[in-house]
Amino acid sequence: MDLSKKLHRFTVVPSLSPELAGLQKIACNLWWTWEPEAMELFRRLDPDLWESTHHNPVEMLGILQQASLDSLVTDEGFMSHLAMVEERLNEYMAGKTWFDRKAKHSRDFRVAYFSMEFGLHESIPIYSGGLGILSGDHLKSASDLGVPLVGVGLLYRQGYFRQYLNIEGWQQEFYPENDFYNLPLRLERDESGTPVTVELEFPGRKVKSRIWHVQVGRIPLYLLDTNLEENLPEDREITAQLYSGDQDMRIRQEIVLGIGGVRALHLLGIDPTVCHMNEGHAAFLALERLRLLMEKKISYAEAREIVKAGSVFTTHTPVEAGIDHFYPDLVEKYLSRYYRNLGLSRDDFLALGRHNPRNPHETFCMAVLALKLAGHANGVSQLHGEVSRKMWRGLWPELPEEHLPLTSITNGVHTKTWMSQEMTGLLVRYLGPRWLDDTTDRNLWRRVGRIPDSEIWRTHERCRERLVEFARKRLHDQLFKVGATAKEIATAEEVLDPEILTIGFARRFATYKRGTLLLRDPDRLARILNHPDRPVQIIFAGKAHPQDHEGKELIRQIVQISKEERFRHRIVFIEDYDMAVGRHLAQGVDVWLNTPRRPLEASGTSGMKVAFNGGLNMSVLDGWWCEGYDVKKSNGWAIGRGEEYGDIEYQNEVEGRATYDLLEKEIAPLFYDRGTDNIPRGWLACMKASIQSLCPVFSTDRMVHEYTERFYIPAHEEFERLLADDMALAVDLARWKVDIHRRWPQIRVDAVEADGIEEVGVGSKVPVSARIFIDDIQLKDIAVEVYSGVLDSRGNIVGGELVPLDQVEHLGDGNYRFSGEIECRFCGRHGFLVRVIPRHGELGTVYDPGYLLWG
């Protein structure tokens with residue numbers, strides 16, 4: 001008998017006296033996750049409970065006995081500490097910010113940031129790895145900078161899987177339930193106290209979602225949850241697990257995220273001017289924005305211009321296989337009614353997600369949908385931007401690669417989340433407290449050179465000691481859980497050495513990341529790790545996707561080799577990689593190893609976290625390290641020179657040997673080159689160079705600055721411009737495009753002339769003219785430009801620039817001559833082309849695929 005429908009429910013909350021109410025206030029704002037004094041306040045309540053609750057203050061307050069809580073009121077030291085932390089939170093929330101001081105904006109400016117996962121803290125396990133951590137850090141920096149932003153995501157009942165390793169080293173997964181009522185969350189309720197619900201139309205049924213609110217400093221994050229009794233069992237599972245299930249589950253999750261997320265904001269009275277799609281998972285949000293605008297009695301084409309203007313898309317994937325594709329029948333199953341309400345046919349709608357709109361067999365790609373409906377798009381490092389333009393250039397076939405509307409903004413990390421308390425205190429003493437308010441000021445970071453070598457070294461040593469202690473405890477617990485012998489468990493107390501060179505490798509165990517590259521030659525590795533004068537140790541961590549059996553095999557190999565006698569004290573694998581493990585590693589290792597196959601690492605951020613703590617990077621030149629590595633500044637080491645290989649086995653052999661060589665010949669000797677005071681001054685010079693060169697650049701403060709100035713503000717301004725005066729400009733633009741597109745086939749370039757240009761002197765100006773037939777199209781509706789630059793070995797223009805041909809002569813019968821000059825600033829072989837592009841009277845040149853003519 002099912003008694004759940006007869007169950008009477010109620011919620012029990014901590015009973016805090018008025019004097020202790022500040023504890024609940026602080027616990028329910030994740031500002032505490034990057035405020036060391038706040039964390040210390042909660043740890044002070046009960047250090048053991050703090051650890052056993054995974055650093056969850058809300059759960060702690062619910063577990064502590066009432067007598068323990070009441071006794072705190074008479075503890076003057078604790079009450080003083082509480083008052084100080086609460087005052088800091090109040091000052092933070094009310095303080096003037098970068099956005100207040102720097103940005104010119106209207107009151108309506110609001111960004112909504114959509115992501116499939118958010119990595120905010122280990123106590124809220126709704127993230128899997130890099131994408132979620134970046135999303136969490138994005139919100140935290142937006143909070144610090146005061147950017148008016150809200151986050152939107154899904155609240156997973158079981159999150160991503162928890163990992164444990166069996167006695168043989170095979171990864172096993174389990175999915176503990178998250179107790180939302182013991183997390184720093186609250187349900188959004190209406191005026192009557194009833195939870196607000198979002199309703200979505202699925203085939204033959206409706207699906208409802210509750211909205212949970214997480215406060216991240218100044219930023220609200222709204223998370224949707226479908227685990228409601230009103231929903232069918234299969235729909236309650238939509239928000240059960242992250243990245244699990246089949247394609248049917250995935251499309252339902254993405255509909256809830258995108259369409260449901262926009263509806264949730266609308267219900268809460270939040271109508272963002274800019275929506276940021278962090279990966280293609282959220283691309284359906286553009287459809288709901290279209291629908292809401294069309295309720296104002298404008299056409300799909302008119303609404304599309306407005307939505308595109310106010311949409312931003314960030315791609316994180318360097319291979320198309322990593323992007324969501326759905327079969328047309330699945331899209332039809334869930335969205336047929338939806339697209340008909342937009343006035344679209346099946347083919348027109350599917351074309352939004354296809355490279356080739358005419359191919360009826362092509363799948364529906366979420367990244368293509370996002371790229372077609374976003375006015376701003378970017379990759380997450382400079383190299384990834386180049387890779388992405390090559391991947392997606394077919395969407396804009398007439399444009400040169402460097403002019404594709406897909407740029408790059410390199411990722412970063414949230415400084416205060418990832419930097420150790422010891423390093424933070426050291427920098428405050430020598431850089432002053434102002435660096436905490438502006439982590440992008442290069443002049444402040446230069447002062448790191450003034451820090452005495454002995455102080456920065458002792459600071460780092462303390463973090464390494466804490467890492468070794470942490471690793472030993474985790475290994476002890478791992479062995480105990482899988483039933484290891486007492487002797488094996490006892491060895492956990494002997495592994496690692498807090499005084500020797502420590503290398504960290506922790507990430508998702510996908511095969512392209514090559515987690516076992518360092519194990520290719522076990523004998524040579526044993527000689528390096530057990531060198532009598534220069535010993536080395538390695539700490540591994542990471543998860544493989546539950547269905548990635550090759551990734552699981554890599555983990556098993558590491559665990560097995562760590563059990564060999566020669567490696568028993570030098571190699572450790574820490575299971576269940578999460579943000580807590582990541583912090584200990586980032587703060588305590590001396591060297592961070594990164595060995596992806598270039599160019600498959602879009603960005604990577606783990607190494608950035610290490611740099612903020614004085615660790616050095618040793619990495620293949622891929623992702624962010626292409627920009628971070630500076631051989632002249634000696635701020636780390638590069639494995640190879642950025643080569644790309646066709647033969648994977650040969651690449652592994654070459655780069656494996658290069659890694660061993662670096663360790664043997666450069667890294668270990670430098671680390672152990674000590675003076676009489678036992679301080680490695682050469683190593684410390686590299687540490688300081690790394691901090692000075694990397695920290696002001698690779699932070700999410702810099703990253704959010706860029707998003708705000710390059711994307712959010714321009715997108716907001718264009719969105720508002722198109723929305724103004726009852727959307728008059730959007731209506732005009734859509735109608736103008738219809739007219740231009742209808743007339744465009746009439747245009748032709750009849751002749752291009754540039755006399756005497758076989759050889760010209762540098763600095764010369766070359767006259768260019770073009771005779772163009774435009775029939776009855778008005779001159780004001782087109783722009784004629786010359787695209788010129790240096791030619792590469794294949795005869796392609798590299799890094800070309802556009803110059804307008806704006807001197808016009810009417811030749812009669814719809815023929816015109818356009819003239820201008822090319823300035824030759826560089827020596828070498830040059831070339832040029834003439835192009836014709838539509839030009840709107842208020843918006844300037846407007847490119848749509850198929851409507852640009854070259855001659």
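What counts and what doesn't
Residues numbered from 1 in each chain as written. Predicted model: local features only at pLDDT ≥ 70, side-chain atom pairs only at ≥ 80, totals over all residues. Heavy atoms only, no water. Helix = DSSP H or I, 4+ residues; strand = E, 2+ residues; numbered from the N terminus. Rg over C-alpha atoms; globule rule 2.2 N^0.38 Å. Buried < 20%, exposed > 50% of the residue type's maximum accessible area, 1.4 Å probe, protein only. Contact = heavy atoms within 4.5 Å. Pairing = 2+ DSSP bridges. Axes fitted to C-alpha atoms, helices over the stretch in contact; angles between N-to-C directions. 1 Å grid on protein atoms, 1.4 Å probe; cavity = no way out; pocket = protein on both sides within 12 Å on 5 of 7 lines; lining within 4 Å. Points joined across faces, edges and corners; volume = space filled by probe spheres on them. Nonpolar A, V, L, I, M, F, W, Y, C, P; charged D, E, K, R; others polar. Salt bridge = Lys/Arg side-chain N within 4 Å of Asp/Glu carboxyl O. Core = buried A, V, L, I, M, F, W, Y, C linked by side-chain atoms within 4.5 Å. Expected span 1.5 Å × (residues − 1). Polar contact = N/O pair within 3.5 Å; in protein donor to acceptor, adjacent residues only side chain to side chain. Phe/Tyr/Trp six-rings, centres within 6.5 Å; stacked < 30°, edge-to-face > 60°. Parallel < 35°, antiparallel > 145°, perpendicular 65-115°, else oblique. Left-handed = near helix turned anticlockwise from the far one by under 90°.

1. A short note on the overall build of the protein chain
- Each helix and strand counted, the protein chain has 29 helices and 29 strands in total.
- A compact globule built from 855 residues should have a C-alpha radius of gyration of about 29 Å, and the protein chain, at 29 Å, falls within 12% of that.
- For the protein chain, the spread of C-alpha atoms along the principal axes amounts to about 95 × 70 × 50 Å.
- Burial statistics for the protein chain: of 855 residues in total, 57% are counted as buried.
- Contacts in the protein chain between residues far apart in sequence, at least 24 positions, make up 72% of those at least 6 positions apart.

2. Structural notes on the sheet that holds strand β20 (residues 636-639)
- Overall, parallel pairing links the 6 strands, which are arranged β17-β16-β15-β18-β19-β20 in an open sheet. The sheet terminates laterally at β17 (571-574) and β20, the two strands that pair on one side only. Averaged over all adjacent pairs, the angle separating strand axes in this sheet is 20°, with direction ignored.
- Running at roughly 115° to strand β16 (residues 536-541), helix α22 (residues 522-529) makes contact with β16 and β17 of the sheet.
- Where helix α27 (residues 648-671) meets the sheet, its contacts fall on β15 (501-506), β16, β18 (591-594), β19 (616-620) and β20, and the angle it forms with β20 comes to roughly 160°.

3. Concerning empty space enclosed by the protein
- The tally for this structure, following the rule as stated, stands at 2 cavities of 30 Å³ or more.
- Estimated volume of the largest cavity: approximately 350 Å³.
- In terms of lining, the largest cavity is formed by 19 residues, of which the most central are L475, L479, V559, S562 and K563.
- For the lining of the largest cavity, the secondary-structure elements that each account for two or more residues are α20 (453-481), α21 (486-491), α23 (549-562) and β17.
- Taken together, W736, K737, I740, H741, P838, V846, Y847, D848 and Y851 make up the full set of residues lining the second largest cavity.
- Tallying contributions element by element places helix α29 (residues 700-743) first for the lining of the second largest cavity, with 4 residues.
- For the lining of the second largest cavity, the residue count by class is 6 nonpolar, 1 polar and 2 charged.

4. Observations concerning the pairing of strand β9 (residues 274-278)
- Across the 5 residues of β9, 5 count as buried, placing the element largely inside the fold.
- Side chains of β9 alternate between two faces, with V274, H276 and N278 and C275 and M277 buried alike.
- For β9 and strand β10 (residues 311-314), the ladder comprises 4 bridges, and the chain directions are parallel. For M277, the partnering residue across the bridge sits in β10 and is F313.

5. Here we look at the pattern of salt bridges
- Under the defined criterion, the tally for this structure stands at 67 salt bridges.
- R291 is the partner of E288 in a salt bridge, and the nearest nitrogen-oxygen pair spans 2.6 Å. Placement of the pair is E288 and R291 together in helix α11 (residues 285-294), with a separation of 3 residues, close to one helical turn.
- With a relative accessible area of 23%, R291 lands in the partly exposed category.
- As a salt-bridge pair, R393 and E401 come within 2.9 Å of each other at their nearest N and O atoms.

6. Considering the sheet that holds strand β22 (residues 765-773)
- Strand order in the open sheet made by the 4 strands is β21-β22-β26-β25, with antiparallel pairing throughout. In the strand order of this sheet, the two ends are held by β21 (748-753) and β25 (807-812), each with one partner. Across this sheet, the average inter-strand angle for adjacent strands is 25°, counted without regard to direction.
- In this sheet, β22 lies alongside β21 in antiparallel orientation, the contact comprising 5 bridges. Within β22, the position partnered with R748 by the bridge is F773.

7. Observations regarding the nonpolar core
- I26, F114, F284, W392 and Y712 are the most contacted members of the largest nonpolar core, which has 179 residues in total.
- When residues of this core are assigned to their parent elements, the largest contribution, 15 residues, is made by α29.

8. So, α23
- Its 14 residues place the ends of α23 20 Å apart at the C-alpha level, agreeing with the 20 Å of an ideal helix rising 1.5 Å per residue.
- All buried positions along α23 are accounted for by G551, K552, L554, I555, I558, V559, I561 and S562.
- Buried-residue contacts for α23 involve β3 (162-165), β4 (171-174), α22, β16 and β17.
- If you check the start of α23, you find a side-chain oxygen 3.4 Å away from the backbone N of E550, and it comes from D548.

9. Overview of the packing of aromatic side chains
- Taken as a whole and judged by the stated rule, the model has 34 aromatic pairs.
- Summarising the aromatic geometry, the rings of F202 and Y334 are spaced 5.4 Å apart at their centres and angled 70° between planes, so their arrangement reads as edge-to-face. Residue F202 is found in strand β6 (residues 197-202), and its partner Y334 is found in helix α13 (residues 328-341); the two are separated by 132 residues along the sequence. Judged on exposure class, the residue F202 and its partner Y334 are both buried.

10. Details of the packing of helix α18 (residues 421-431) against α20
- Between α18 and α20, the shortest axis-to-axis distance is 9 Å and the interhelical angle comes to 165°. Comparing their axes, α20 and α18 come out roughly antiparallel. Considering how the two elements wind past one another, α18 and α20 form a crossing that is right-handed. On α20, the residues that touch E422, M423, L426, R429 and Y430 of α18 are E455, I456, T459, R462, C463 and R466.
- Taken together, the residues of the contact of α18 with α20 sort by class into 5 nonpolar, 1 polar and 5 charged.

11. Structural notes on the packing of α27 against helix α28 (residues 681-694)
- Where α27 contacts α28, the two axes come as close as 7 Å, and the packing angle between them is 105°. Judged by the inter-axis angle, α27 sits roughly perpendicular to α28. Of the residues in α28, those in contact with I667, L670 and F671 of α27 are G682, W683 and C686.

12. Brief notes about the side chain of S123
- Topologically, S123 is positioned in the loop between β1 (111-115) and α8 (130-145).
- Excluding residues within four positions of it along the chain, S123 makes contact with H54, H55, N56 and L183.

13. Remarks on α11
- By the criterion of burial, α11 is predominantly enclosed, with 9 of the 10 residues buried.
- Along α11, the residues classified as buried are L285, A286, L287, E288, R289, L290, L292, L293 and M294.

14. Thoughts on unusual backbone geometry
- A cis amide bond, omega 5°, links R598 with the succeeding residue P599.
- When you line up the elements, P599 lands in the loop between β18 and α25 (606-611).
- Non-glycine residue H54 carries a positive phi angle of around 55°.
- In this fold, H54 is placed in the loop between α3 (47-52) and α4 (57-63).
- In the Ramachandran plot, D813 falls in the positive-phi region, its phi being about 55° despite a non-glycine side chain.
- Tracing the chain through its elements places D813 in the loop between β25 and β26 (815-823).
- Overall, D813 belongs to the exposed group, its relative accessible area being 72%.

15. Some remarks on the pairing of β6
- Side chains of β6 alternate between two faces, with V198, L200 and F202 buried and T197, E199 and E201 left unburied.
- Pairing geometry for β6 and strand β7 (residues 205-216), over 6 bridges, is antiparallel. Bridge pairing in β7 links T197 to R210.
- Here β6 folds back onto β7, and the loop between the two strands holds 2 residues, one of which, G204, carries a positive phi near 75°.

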